[in-house]
Amino acid sequence: MNRRDFLRVSGAGCIGALGATGVFAKVSSSEGSVMTVLGPIVPSELGSALPHEHVLVDFIGADRVDRTRYDANEAYDVALPYLRRVRELGCRGFVECTPAYLGRDPRLLERLGKATGLHILTNTGYYGAAKDQYVPRHAHEESADRLADRWVKEWVDGIEGTGIRPGFVKTGVDAGPLSSIDRKLVQAAARTHARTGLTIASHTGNTRAALEQIEVLAEERVRPDAFIWVHAQSDWELESRAAAAQKGAWIEIDNIGEKNVAECADRVTALKQRGVLNRLLVSHDAGWYRPGEPRGGSFRGFEPVYTVFVPALRQAGWTADEIHQLLVSNPAAAFTIRIRSMA
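Everything quoted here is computed from the prediction, not taken from an experiment. Counting restarts for each chain, with residues numbered from 1 along the sequence as it is written. It should be noted that, the model being predicted, local features are given only for residues of pLDDT at least 70 and side-chain atom pairs only at 80 or more, the latter also being counted only at that level, while totals for whole chains, interfaces and linings use all residues. The basis for the side-chain values is all heavy atoms of the structure; hydrogens and waters are excluded.

(A) Representation of the confidence of the model for the protein chain. Each residue carries a pLDDT value, the predictor's own confidence for that position, ranging from 0 to 100. Taken residue by residue, the protein chain gives an average pLDDT of 92. The fraction at 70 or more is 92%. Any two residues having at least one pair of non-hydrogen atoms within 4.5 Å are treated as being in contact. Contacts of residues 1-28 to residues separated by more than four positions or lying in other chains number 67 contacts, the stretch itself having pLDDT below 50.

(B) Summary view of unusual backbone geometry. Between Gly-176 and the following residue, Pro-177, the backbone shows a cis peptide bond with an omega angle of 5 degrees. Along the polypeptide, Pro-177 turns up in the loop between β7 (168-173) and α6 (180-196). Notably, Asp-285 is not glycine yet its phi reads approximately 60 degrees, a positive angle. With respect to the helices and strands, Asp-285 occurs in the loop between β11 (280-282) and α10 (304-315). Comment: elements are numbered from the N terminus, with helices defined as DSSP H or I runs of at least four residues and strands as E runs of at least two.

(C) Looking closely at the pairing of strand β8 (residues 200-204). Each residue's exposure class comes from its accessible area (1.4 Å probe, protein chains only) as a fraction of the maximum for that residue type: buried when under 20%, exposed when over 50%, partly exposed otherwise. The element β8 is extensively covered by neighbouring structure, given that five of its five residues are classed as buried. The alternating pattern of β8 places Ile-200, Ser-202 and Thr-204 on one face and Ala-201 and His-203 on the opposite face, and all of these are buried. Where β7 and β8 come together, five bridges link them in parallel fashion. Opposite Gly-172, over in β8, you have His-203 as the bridge partner. Looking down the strands as they point away from you, a crossover is right-handed if its path from the first strand over the helix to the second goes clockwise. Regarding the hand of the β-α-β motif, the stretch spanning β7, α6 and β8 is right-handed. Handedness of the β8-helix α7 (residues 207-219)-strand β9 (residues 227-230) crossover: right-handed. The rule for pairing is simple: two strands pair if DSSP sees at least two bridges between them.

(D) Spotlight on the packing of aromatic side chains. For Phe, Tyr and Trp, where Trp contributes only its six-membered ring, two rings pair if their centres lie within 6.5 Å, and the inter-plane angle classes them as stacked under 30 degrees, edge-to-face over 60, or tilted in between. Here the structure, examined in full by the defined rule, presents nine aromatic pairs. A centroid spacing of 5.5 Å and a plane angle of 85 degrees characterise the contact between Tyr-101 and Tyr-126, whose relative ring orientation is edge-to-face. Here Tyr-101 is found in the loop between β4 (93-96) and α3 (106-116), whereas its partner Tyr-126 is found in the loop between β6 (123-124) and α4 (137-141), with 25 residues between them in sequence. With relative accessibility at 30%, the residue Tyr-101 sits in the partly exposed group. Between Tyr-127 and Tyr-134, the aromatic rings sit 6.2 Å apart at their centres with planes inclined by 55 degrees, giving tilted as the arrangement. For the pair formed by Tyr-127 and Tyr-134, the shared burial category is buried. Every member of this aromatic cluster is reached through a ring pair, and the members are Phe-59, Tyr-127, Tyr-134 and Trp-288.

If you want it as structure tokens, here you go:
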């Protein structure tokens, strides 16, 4: 979605849809690339994007997670209409944040990408939040370098023999201070970034954990602009988010829903007023087909950013250019594959 088209459709109640070409543009070495489950695209092709969503998440635990626990065809049938609906509303990029050992299914995402025309991203990395119940046993024993080797291999060779490559590193940490395993996962993520250029998106328990992660990245000579502070709305406090954004970190408000739209709009507006609009990301953290529940349980759709949040921003005085920056320009910049090292 280019700027002219965005300005044309954003005057309506939501961002309108554009026709899909079904063809990936050639990747320009000067512009960089974004890696989707269907291959690389130039960042400008990503369009209006949701940077933190889920199709399927399995909470059974790292030692028991297995694709035999669900019917992939059923999961596909459940998720498909929700993805088609959000595409009708103008979404083009969809970042699926379920990591390995929590139900990551690249083949399912590939099918959904082909069926919807969405540019879907998957990830590499491990999730250390929730008291490490989704961290595989070997991660406790192996070094950060060995974990980085595993994750880089998925980038080079594809995930689990599928040939599908990750578009970012997903990790997660509990509330600070960082535990030893959480610190190691962040170190491994930093070393993976240094070898691949993949952005690090980290589920972050609280403000202290976010700031400690940024410190670990600095120790690894990785700049803050390689880091997405996922769930930055948790233990909300404005100034620490503004300060992190001013250093370059991405601040993600990803709990947008029908009931809290005013609160979320107020938070991103306050950050915009601090001069860090170019470091903001917004999403729902929605979806969540859950193996073990009838038809995956209660699946939450991906519409509110487009149906209620954008109108709330417009009512708060946001211009079409500012909304375009938030939904189009920022996700493209955040997920462009680029090594961001300190001099």
